[in-house]
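Per-entry structural report
The primary structure of each chain is shown beneath.
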Amino acid sequence: MSSHDHGHAIGGDHVPHVLPYAAYFATWGALMFFTIITVGASYVNFGPANLLIAVVIATLKATIVAAIFMHLWFDHRMHSMILGSAGLFLAIFIAFTMFDTESRGHLESITGERPADMSNPFLGGSARQKAMNALYPVGSNSVKLSAPGIVPGVFDVPAAPSASAAPEASATVSPEASASASASASVAASGSTSASVSGSVSAAPSASAPPKH
Amino acid sequence: MSASANDEKLSPDFHVAHHFDTADQQFDSARMGIWLFLVTEILFFGGLFCAFFIYRSWYFSSFVEAHHHLDKVMGAVNTCVLIFSSLTMALAVRSAQVNDKAKTVGFLIVTILCAFGFLVVKYFEYQHKIHDGLLPGVHFTAQGFSSPHPGTFFAVYFMMTGIHGLHVIIGIGLILWILLRAQRGDFSARYYAPVEGVGLYWHLVDLVWIYLFPLLYLVG
Amino acid sequence: MAQGVAVPGTHEDHPSPKAKNYINAEAGVWSWLTTVDHKRIGLMYLVSTLIAFALGGFFAILVRLELLTPKKTFMSGHMYNQAFTLHGAIMVFLFIIPSVPGALGNFLLPIMVGAKDVAFPKLNLMSLYLYWIGALFTLSSLVLGGLETGWTFYVPYSSTTGGAVIAVTFGVFVMGFSSILTGLNFVVTIHKLRAPGMGWFRLPLFLWATYATSLVQILATPVLAITLLLLLFEKAFQIGIFDPKLGGDPVLFQHFFWFYSHPAVYIMILPGFGIASELIAVHAHRKVFGYRAIAFSSVAIALIGFLVWGHHMFVSGQSELASTIFSALTFLVAVPTGIKMFNWISTLWRSSIAWTTPMAYAAAFLFLFAIGGLTGLFCGMLGTDMHIHDTYFVVAHFHYVMMGGTVVAFVGGLHHWWPKMTGKMYSDKLGKLSALLLFVGFNATFFPQFILGSRGMPRRYYNYLDQFQPLHQFSTVGSWIIGLAFLVALYNLLDSLKNGADAPDNPWGGLSLEWQTATPPPTENFPVTPRVTHGPYDYSDDRNATGASDS
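Residues numbered from 1 in each chain as written. Chains lettered and ligands numbered in written order. Predicted model: local features only at pLDDT ≥ 70, side-chain atom pairs only at ≥ 80, totals over all residues. Heavy atoms only, no water.

1. A look at the overall build of chain C
Note the following rule: To qualify as a helix, a DSSP run of H or I must reach at least 4 residues; to qualify as a strand, a run of E must reach at least 2; elements of each kind are numbered from the N terminus. Accessible area is worked out with a 1.4 Å probe on protein chains only. A residue is then buried under 20% of its type maximum, exposed over 50%, and partly exposed in between. Here a residue-residue contact requires only that any non-hydrogen atoms of the pair lie within 4.5 Å.
Helix and strand content of chain C: 15 helices and zero strands. The burial tally for chain C puts 64% of its 551 residues in the buried class. Considering only residue pairs separated by 6 or more positions, chain C has 83% of its internal contacts joining residues 24 or more positions apart.

If you want it as structure tokens, here you go:
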């Protein structure tokens, strides 16, 4: 609670709000306790929850520091809001950036429209065709519509995370045909459920299926 | 509590700046300014945290493998050092609030010593990494890694800890400045805004480390 | 005319124009360089940013001149790259971002809230010095071999081309601190230093806009700082954060950059909105219609502005999910912006418009910004953007917003507050002539670019197809008219310093606090701290007004 028995003397001189020593040492004790917990937790493997546990404990510690050492608990509410806004906008920053980085290529149907090799984006013409052929051997005679746009080996994400998830979405189209807008329109018209034809320049994404679901 | 000095002698050089009506208004403005500054600090570090989360998710195996090359013990020691320095900084502010000049100076000296201790440990860590070739980007020369992008982990590691270390160094300078002023008798219950401000900054340096330590050293 | 605001001590006749004011309070260059008076700092910002504007404008004229012919006209391709890069970098970082907050904001904000100065006067002076240092580093590229990356410093352009990338990046980094400190100072001043009676809803709308701008400066600029720092390290040490060969991601740079730079677009336009609100209310002598709606829409634009940065990256390789989300959120910005437009027009409706120079600029602003804002919706639409991305359509769009919006409002605001700042009246005829020339020249320059862009003329190209030449030539001629307009305005203002009549305290009949003090204001703004009793736009309103609930 922000107790306002401090600071606002009529005469204008600032009157500090002094906490007892015990509050400081108790805070320190709590911080050391949580440090031990977080180190201890790192020796146990919780799988994907490892990161979550570490962040939650760190946030607890940070809250304690802010509330007591930084006096937020006893301070104007405004200052808590200021700190909270930093957290909010940081969360927006990280979350919205990860909307991109965590789902690249999920809707990309025509892999050939992307740079074949992210580490060499200016590779063009026949060299690019060669790279494409290496990725999708001619013998297979098909391009998976749901293949992720990110080239395996450049990013070490699993090769095709969504390929098995949505097998019905993958149709076969010859690479030449996929380049022309009319062909992609015919793919869409032929009722392949979630085939999203957003690769070619003229096809508006709004014409394709909504993202992912 | 040791409110000993006479009221007339408290912060003799302090006067309310011409554009403020009261000392209270001046103090509140200063504190709000510091808090807004801390917001910019958080978002500044936030960019690196964003990069950390993205690359960790992309190169999970590399991050796990690379983080085993960080020294958990040194990291934990530094965590304790920084938390303790946060405590002494908070106590220094408290001492200024109750007009205890000797204790203010004493706690500030301990805080500075802790900051130097932190940097010494960091120095040994860096030396070890440089020796082993565990460096960012093109400078990564260590052998025997089975995952493809450990250099990215060390790019994030060196940027995060390097910028944090820079903040520790700046903090030492700031604490030294208020230490000298405290020694001169500038601060008292009437006027201690600079101690409070530097204190808030120092706690933020601690806060950032509270996140850096588990993310880099413990979960990779 | 001052029935709205009672300011003790200023209603008596002023003894003479030669009374002590902030300009003649102290003499000598040193007194200016060490001053902490917000008005002097504002004036130094004004001169600095106008010099930057002239330099940026010079490069703009060069770029347009080169585009007279489809092939080489008079400069090489590399020189062309450097010219448009410097035009963009100077206009954005040296002019638009610091101009309105730095010059008009610094001068007006403390007076408008009834304070003696900003909350941290020394920090304010430090902002100015940081701006100068950053500007010097940026301009050093002129002698360090130039910069060819465009103002956005995209990797891999910036991490692989030579020249002055490091110097310019560092300069912009330093100017970022200047911007942060200014914003911080303004927020604290508005929160803590309002005069007695100056409630939040008695703040002039210019201050609401400046407040929203300051929030963005505080929240977004640090991300630019870390972006540029990472870029410096990438370039100097090849740490691989943005280099795909080393596992990095160049698109991540664009996320970092636009997380700052899209909100920065609102750092540029929000103060323009604020100025427009002042100009329209004062020169139409009409209580602003929907005061609260305009005030809150400023803050709403600032906050929504943080959710839409990905619309700059629709063709960057960003994921379709992110593009869809960013595109949908982009349309939200149109809501508060539309609220503002309609409220301004409702304010003008059946008001008693004084057809002064500032009003002429405000009218130009309304017209040009409407076009700029609406064409922004085309660019935010995913499918349309595929076609017009990186074409002259986008160039025309953001010039209609940045120049038709912010610059026109800034010059209008300059004419509005010039008497207060300098104590001199300029020629109203010449002022209106400059506004007319600017309006004609601006549309001549940039309207053809919408057509060029929609027909496929890519931006930043040195050569172009022959069929585009007539429109390019039209545009180039328009740029000369713009240049002429600014020369007329500059002559008019400078001439007033020498030959202008002394300005009265309140030449336009404004009700906000800056018009209630002497002209030019004394060093501490008011002889006695003012006590505010009415809102800033409480003009007597003899219509059957509906929006009278704001006081």
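2. Some thoughts on the overall build of chain B
As a reminder, the rule being used: In these tables, accessible area is a Shrake-Rupley quantity obtained with a 1.4 Å probe, and a residue counts as shielded only by the protein chains included in the view.
In terms of helices and strands, chain B carries six helices and zero strands. When the elements of chain B are put in sequence order from the N terminus, they spell out α-α-α-α-α-α. Considering chain B as a whole, with its 220 residues, one finds that 67% of them fall into the buried category. Pairs at least 24 residues apart make up 79% of the contacts formed inside chain B by residues separated by at least 6 positions. A total accessible area of about 7,600 Å² is found for chain B, and carbon and sulfur atoms account for 67% of it.

3. Notes on the environment of N81(C)
Residues and elements named next belong to chain C. Structurally, the position occupied by N81 is in helix α3 (residues 77-113). Among the residues examined, N81 registers a relative accessible area of 22% and is labelled partly exposed. Sequence separation between N81 and T149 is 68 residues, and the spatial gap between their C-alpha atoms is 7.7 Å.

4. Some remarks on helix α14 (residues 428-454) of chain C
All names here are of chain C. This is how it is decided: Every helix has an expected span of 1.5 Å times one less than the residues it contains. Bend, at a single residue, is the angle you get between axes fitted to the 7 residues ending at that residue and the 7 residues starting at it.
In a regular helix each residue adds 1.5 Å, so 27 residues correspond to 39 Å; α14 covers 39 Å between its end C-alpha atoms and thus fits that length. Of all the bends in α14, the greatest, near 25°, is centred on A444, and the proline P448 appears no more than four residues after it. Once α14 ends, the next one or two residues include G456, with phi positive near 105°.

5. Notes on the interface of chain B and chain A
To keep things clear, this is the line we draw: Note on terms: buried area is the combined drop in 1.4 Å-probe accessible area of two parts once they are placed together, counting the loss on both. By convention in these notes, a salt bridge is any Lys or Arg side-chain nitrogen within 4 Å of a carboxyl oxygen on Asp or Glu. Definition of a polar contact: a pair of N or O atoms within 3.5 Å, with one able to donate and the other able to accept a hydrogen when the atoms are protein atoms, and with sequence-neighbouring residues admitted only if both atoms are side-chain atoms. Each residue is assigned to one class: nonpolar for Ala, Val, Leu, Ile, Met, Phe, Trp, Tyr, Cys and Pro, charged for Asp, Glu, Lys and Arg, and polar for all the others, Gly among them.
Taken together, the 59 residues of chain B in the interface contact 54 residues of chain A. In total, chain B and chain A occlude about 5,200 Å² of area from one another, counting both sides; carbon and sulfur atoms represent 72% of this. When the area that chain B buries against chain A is broken down by residue, the three leading residues are W35(B), W58(B) and R94(B), summing to 15%. Put simply, chain B and chain A have one salt bridge between them. For the salt bridge of R31(B) with D75(A), the shortest nitrogen-to-oxygen distance reads 3.4 Å. Our count for the contact surface shared by chain B and chain A stands at eight residue pairs in polar contact (both at pLDDT 80 or more). Contributions of two or more residues to the side of chain B that touches chain A are made by α1 (23-58), α2 (60-67), α3 (72-97), α4 (101-132) and α6 (193-218) of chain B. The biggest single contributor to the side of chain B that touches chain A is α1(B), with 21 residues. Considering only residue class, the side of chain B that touches chain A consists of 38 nonpolar, 11 polar and 10 charged.

6. A closer look at the side chain of D117(C)
Applicable threshold: Only four residue types enter the tally: Lys and Arg on the positive side, Asp and Glu on the negative side; His and the chain ends are excluded.
Turning to its location among the elements, D117(C) is positioned in the loop between α3 and α4 (121-139). For the buried residue D117(C), which engages in no salt bridge, the nearest side chain bearing the opposite charge is K39(C), 6.7 Å off. The residues touching D117(C), leaving out its near neighbours within four places in the chain, are H19(B), V36(C), D37(C), H38(C), P110(C), T189(C), L193(C) and N525(C).

7. Describing helix α9 (residues 291-304) of chain C
Residue and element names in this part refer to chain C. Relative to the 20 Å expected for 14 residues at 1.5 Å per residue, α9 spans 20 Å between its end C-alpha atoms, a close match to the ideal helical length. Those residues of α9 that fall on the buried side of the exposure criterion are Y291, I294, A295, S297, S298, V299, I301, A302 and I304. For α9, the elements touching its buried residues are α7 (205-237), α8 (250-284) and α10 (320-348).

8. Details of the pattern of salt bridges
Counted by the stated rule, this structure contains 12 salt bridges over all chains. Between D37(C) and K39(C) there is a salt bridge, with the nearest N and O atoms lying 3.2 Å from each other. Across the pair, K39(C) and D37(C) agree in class, each one buried. Measuring nitrogen to oxygen at the nearest pair gives 3.5 Å for the salt bridge that ties R459(C) to D390(C). Here the residue R459(C) occupies a position in the loop between α14 and α15 (469-499), and D390(C) occupies one in the loop between α12 (382-388) and α13 (392-422), the gap between them amounting to 69 residues. The network of salt bridges with shared partners includes D75(A), D28(B) and R31(B).

9. Quick look at the packing of aromatic side chains
Rule in force here: In summary, the pairing rule links any two rings of Phe, Tyr or Trp, Trp by its six-membered ring, whose centres are within 6.5 Å, and it sorts them by plane angle into stacked for under 30 degrees, edge-to-face for over 60 and tilted for everything else. Distance and angle both matter: a charge sits over a ring if NZ of Lys or CZ of Arg is within 6 Å of the ring centre and within 35 degrees of the ring normal.
For the coordinates displayed, the defined rule picks out 78 aromatic pairs over all chains. Here the aromatic rings of F63(B) and F153(B) are separated by 5.1 Å at their centres, their planes lie at 85°, and the arrangement is edge-to-face. Of this pair, F63(B) sits in helix α2 while F153(B) sits in helix α5 (residues 150-184); the two residues are 90 residues apart in sequence, bridging distant segments of the chain. There is no split in this pair, since F63(B) and F153(B) are both buried. Note that K72(B) overlies the ring of Y43(A), its terminal NZ or CZ placed 3.9 Å from the centroid.

10. Some words on a nonpolar patch on the surface
All names here are of chain C. For clarity, the threshold we go by: Only residues whose relative accessible area exceeds 30% and that form no salt bridge enter a patch; like-charged residues are grouped when within 9 Å of one another, and nonpolar side chains (Val, Leu, Ile, Met, Phe, Trp, Tyr) when within 5 Å.
Residues Y129, I133, F137 and F170 make up a contiguous nonpolar surface patch of about 320 Å² in total accessible area. Take the nonpolar patch: its biggest share by element is three residues, from α4. By the element assignment, I133 lies in helix α4. Under the relative-accessibility criterion, I133 is labelled partly exposed at 39%.

11. Observations concerning unusual backbone geometry
The phi angle of most residues is negative, glycine excepted, and most peptide bonds adopt the trans form. Residue and element names in this part refer to chain C. Here the residue pair V155 and P156 is connected by a cis peptide bond, since its omega of 0° sits within 30 degrees of zero. As for its position among the elements, P156 is in the loop between α4 and α5 (157-160). That bond from T519 to P520 is cis: its omega, -15°, falls within 30 degrees of zero. Along the chain, P520 turns up in the segment after α15. The backbone of N525 sits at a positive phi, close to 75°, despite the residue not being glycine.

12. Some thoughts on the environment of H285(C)
Residue and element names in this part refer to chain C. As for its position among the elements, H285 is in the loop between α8 and α9. For the pair formed by H285 and S540, sequence separation is 255 residues and the distance between their alpha carbons is 8.5 Å. Beyond its immediate sequence surroundings of up to four residues, H285 is in contact with S352, A354, W508, G509 and Y539.

13. Quick notes on the confidence of the model for chain C
Residues and elements named next belong to chain C. Heads up, the condition is: Confidence scores here are pLDDT values: one per residue, from the predictor, ranging 0 to 100.
Confidence along chain C averages 92 in pLDDT terms, with 95% of residues attaining 70 or more. Element-level pLDDT for chain C is lowest in α5, with a mean of 88, against a maximum mean of 97 in α14. The low-confidence segment residues 1-17 (pLDDT under 50) makes 37 contacts with residues lying over four places distant or belonging to another chain. This stretch, residues 542-551, has a pLDDT under 50; its non-local contacts, to residues over four places away or in other chains, come to 13 contacts.

14. Notes on the confidence of the model for chain B
One rule of thumb: low pLDDT means the predicted coordinates there are not for detailed reading. Per-residue pLDDT for chain B has a mean of 91; in total, 95% of the residues score no lower than 70. Counting contacts from residues 1-7 of chain B, a segment whose pLDDT is below 50, to residues more than four positions away or on other chains yields nine contacts.

15. A closer look at the packing of α9(C) against α10(C)
Residue and element names in this part refer to chain C. In plain terms, the rule: Axis definition: a line fitted to C-alpha atoms, limited for helices to the stretch in contact. Angles are taken between N-to-C directions and run from 0 to 180 degrees. Any angle between 65 and 115 degrees counts as roughly perpendicular, while under 35 counts as roughly parallel, over 145 as roughly antiparallel, and the rest as oblique. The handedness criterion is simple: a crossing whose near helix is rotated anticlockwise from the far helix by less than a right angle is left-handed, and one whose near helix is rotated clockwise is right-handed.
Close contact between α9 and α10 brings their axes to 9 Å; oriented N to C, the two are set at 160°. In terms of orientation, α9 lies roughly antiparallel with respect to α10. Relative to α10, the crossing made by α9 is left-handed. Contact residues: α9 offers A293, I294, S297, S298, A300, I301 and I304, while α10 offers L329, L332, V333, P336, T337, I339, K340, N343 and W344. Class assignment for the residues of the contact of α9 with α10 results in 11 nonpolar, four polar and one charged.

16. Points about the environment of F46(A)
With respect to the helices and strands, F46(A) occurs in the loop between α1 (21-41) and α2 (49-69). When neighbours within four sequence positions are excluded, F46(A) is seen to be in contact with A41(A) and I53(A).

17. Side note on the packing of α2(A) against α6(B)
Closest axis-to-axis distance for the α2(A)/α6(B) pair is 9 Å, and the angle between their directions is 165°. Compared by their axis directions, α2(A) and α6(B) come out roughly antiparallel. In this structure, α2(A) crosses over α6(B), and the sense of that crossing is right-handed. Together, L51(A), A54(A), V55(A), A58(A), T59(A), K61(A), A62(A), V65(A) and F69(A) of α2(A) and H203(B), D206(B), L207(B), I210(B), Y211(B), P214(B) and L215(B) of α6(B) make up the contact between the two elements.

18. Things to note about the nonpolar core
Nonpolar side chains in soluble globular proteins generally cluster together in the buried interior. All names here are of chain C. Inclusion rule: Joining through side-chain atoms within 4.5 Å is the link that ties buried Ala, Val, Leu, Ile, Met, Phe, Trp, Tyr and Cys residues into a set, and such a set is a nonpolar core.
Among the nonpolar cores identified, the biggest contains 301 residues, and F93 and F153 are the most heavily contacted of them. For this core, the element with the most residues is α8, which contributes 23 residues. The contact partners of F153, leaving out residues within four places of it in the chain, are F93, L147, S158, V168, V172, L228, L231, F253 and F257.

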